[in-house]
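Examination of the molecular architecture
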Amino acid sequence: MIASLLPPAVAFAEEFGDPPGGFLFAEEAELVARSVPLRRREFTTVRVCARRALAELGVGPSPLLPGARGAPRWPEGVVGSMTHCVGYRGTVVALDRHITAIGIDAEPAEPLADGLLEAIALPVEQAHVRRLARARPQIAWDRLLFSAKESVYKTTFPATGVRLDFSDAAITIDPFDGTFRARLLVPGLVVGGRWYDSLDGRWSATGGLLLTAITIADDG
């Protein structure tokens, strides 16, 4: 499902449930030993996905522990992103000589709770969502906007250490071609030695899920 949003240099793995027998390293298991069963299952499955995707890059299995703000700490030379929601767990990884940064997010294809759009969206984005809803009312555009903002954060924070708020990126979604653009409202955001004032991403709405992804290629 996520494959359609990714360039060829990115490896991925995904699951639509939690298959039994998922393996965790001791260090990983310790992190969720006191968590509720759902948290343990999703934590395990997304790491099973990660190790499958890493194997496609020729990278052997190792503990995948959270770092700052919960972002995964990837093996040296690798960039990646994880996501999970009801009915979906997925991981994408790439070698950093090909991809500088990547972020993905999955959400259920349901509207946000009342009042949440106003909390996460700029006024111009709220108006944009209303226009999108008139064009294609079958899609939960407010939730898709939230997902796109999550992908912006997951792309930029591991690469820069800068903690973006919801108000630090203005998202514009094309309702028909599966793309979106995030105009960055923070000055001088440098990723991989290059300054960015906007990021381009892709989205899909299928199978009861909304998926978004942003990939920054190493053009050097």
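Thresholds applied
- Residues numbered from 1 in each chain as written.
- Predicted model: local features only at pLDDT ≥ 70, side-chain atom pairs only at ≥ 80, totals over all residues.
- Heavy atoms only, no water.
- Helix = DSSP H or I, 4+ residues; strand = E, 2+ residues; numbered from the N terminus.
- Rg over C-alpha atoms; globule rule 2.2 N^0.38 Å.
- Buried < 20%, exposed > 50% of the residue type's maximum accessible area, 1.4 Å probe, protein only.
- 1 Å grid on protein atoms, 1.4 Å probe; cavity = no way out; pocket = protein on both sides within 12 Å on 5 of 7 lines; lining within 4 Å.
- Points joined across faces, edges and corners; volume = space filled by probe spheres on them.
- Nonpolar A, V, L, I, M, F, W, Y, C, P; charged D, E, K, R; others polar.
- Disulfide = S-S within 2.5 Å.
- Expected span 1.5 Å × (residues − 1).
- Contact = heavy atoms within 4.5 Å.
- Pairing = 2+ DSSP bridges.
- Axes fitted to C-alpha atoms, helices over the stretch in contact; angles between N-to-C directions.
- Phe/Tyr/Trp six-rings, centres within 6.5 Å; stacked < 30°, edge-to-face > 60°.
- Lys NZ or Arg CZ within 6 Å of the ring centre and 35° of its normal.

Helix and strand counts for the protein chain come out as five helices and 10 strands. For the protein chain, whose C-alpha radius of gyration is 17 Å, the value lies close to the compact-globule estimate of 17 Å for 220 residues. Once the C-alpha set of the protein chain is aligned to its principal axes, its extents read approximately 50 × 40 × 30 Å. In the protein chain, buried positions account for 48% of the 220 residues.

Below, the discussion takes up the environment of Gly58. Mapped onto the elements of the fold, Gly58 is located in the loop between α2 (37-56) and β2 (78-85). Take Gly58: its relative accessible area is 68%, and that puts it in the exposed class. Along the sequence, Gly58 and Asp105 sit 47 residues apart, while their C-alpha atoms lie 25 Å from each other.

Turning our attention to the layout of surface pockets. One number sums up the size of the largest pocket: a volume of about 400 Å³. Around the largest pocket, the lining is made up of 20 residues, and of these Gly70, Ala71, Pro72, Met82 and Lys154 lie nearest the centre. Mapped by element, the contributors of at least two residues to the lining of the largest pocket are α2, β2, β4 (99-108) and α5 (141-160). Counting residues per element, the lining of the largest pocket draws most heavily on β2, at five residues. Residue composition of the lining of the largest pocket, grouped by class: 10 nonpolar, five polar and five charged.

Once that is clear, we can look at the state of the cysteines. Scanning all chains against the criterion turns up zero disulfides. Free of any disulfide, Cys49 has its nearest cysteine sulfur in Cys85, 12 Å distant. Residue classification places Cys49 among the buried positions, given a relative accessible area of 0%.

Moving on to α2. Between its first and last C-alpha, α2 extends 29 Å over 20 residues, near the 28 Å set by a 1.5 Å rise per residue. Of all the residues in α2, the buried ones are Glu42, Phe43, Thr44, Thr45, Val46, Arg47, Cys49, Ala50, Arg51, Ala53 and Leu54. Contact partners of the buried residues in α2: β1 (11-15), α1 (26-31), β2 and β3 (88-95). Positive phi shows up at Gly58, right after α2, with a value of about 80°.

In this fold, Ser81 is placed in strand β2. Once you skip the residues sitting within four places of it in the chain, Ser81 turns out to touch Trp74, Gly90, Thr91, Val92, Ile102, Gly103, Ile104 and Lys154.

Here strand β6 (residues 179-184) shows a buried face lined by Phe180, Ala182 and Leu184 and an unburied face lined by Thr179, Arg181 and Arg183. Both strand β5 (residues 169-173) and β6 contribute to a ladder of five bridges, which runs antiparallel. Bridge pairing in β6 links Ala170 to Arg183. Between β5 and β6, which pair antiparallel in sequence order, lie five residues; one of them, Gly178, sits at a positive phi of approximately 75°. In terms of strand pairing, β6 meets strand β9 (residues 198-206) through five bridges, oriented antiparallel. By the bridge assignment for β9, Thr179 is matched with Arg202.

In space, the five strands of this open sheet follow the order β4-β10-β9-β6-β5, with antiparallel pairing throughout. With partners counted over all chains shown, the strands left at the sheet margins are β4 and β5, one partner each. Neighbour-to-neighbour, the strand axes of the sheet open up by a mean angle of 25°, direction not taken into account. Inspection of the sheet shows β9 paired to strand β10 (residues 209-217) by six bridges, in the antiparallel sense.

All right, on to unusual backbone geometry then. Positive phi is not limited to glycine here, since Arg69 has a value of about 55°. In this fold, Arg69 is placed in the loop between α2 and β2. By relative accessible area, Arg69 is classed as exposed at 56%.

According to the stated counting rule, one finds five aromatic pairs in the structure shown. Aromatic pair Trp141 and Trp203: ring centres 5.4 Å apart, planes at 75°, arrangement edge-to-face. One end of the pair, Trp141, is in helix α5; the other, Trp203, is in strand β9, and 62 residues separate them in sequence. Of the two residues, Trp141 and Trp203, neither departs from the other in class, the shared state being buried. Aromatic side chains Phe146 and Phe166 sit 5.8 Å apart centroid to centroid with 40° between the ring planes, which places their arrangement in the tilted category. Of this pair, Phe146 sits in helix α5 while Phe166 sits in the loop between α5 and β5, and the two are 20 residues apart along the sequence. Its relative accessible area of 29% is what places Phe166 among the partly exposed residues. Sitting over the face of the ring of Phe43, Arg47 holds its NZ or CZ atom 3.6 Å from the ring centroid.

Bear in mind that shape data such as this cannot, by itself, settle questions of function.
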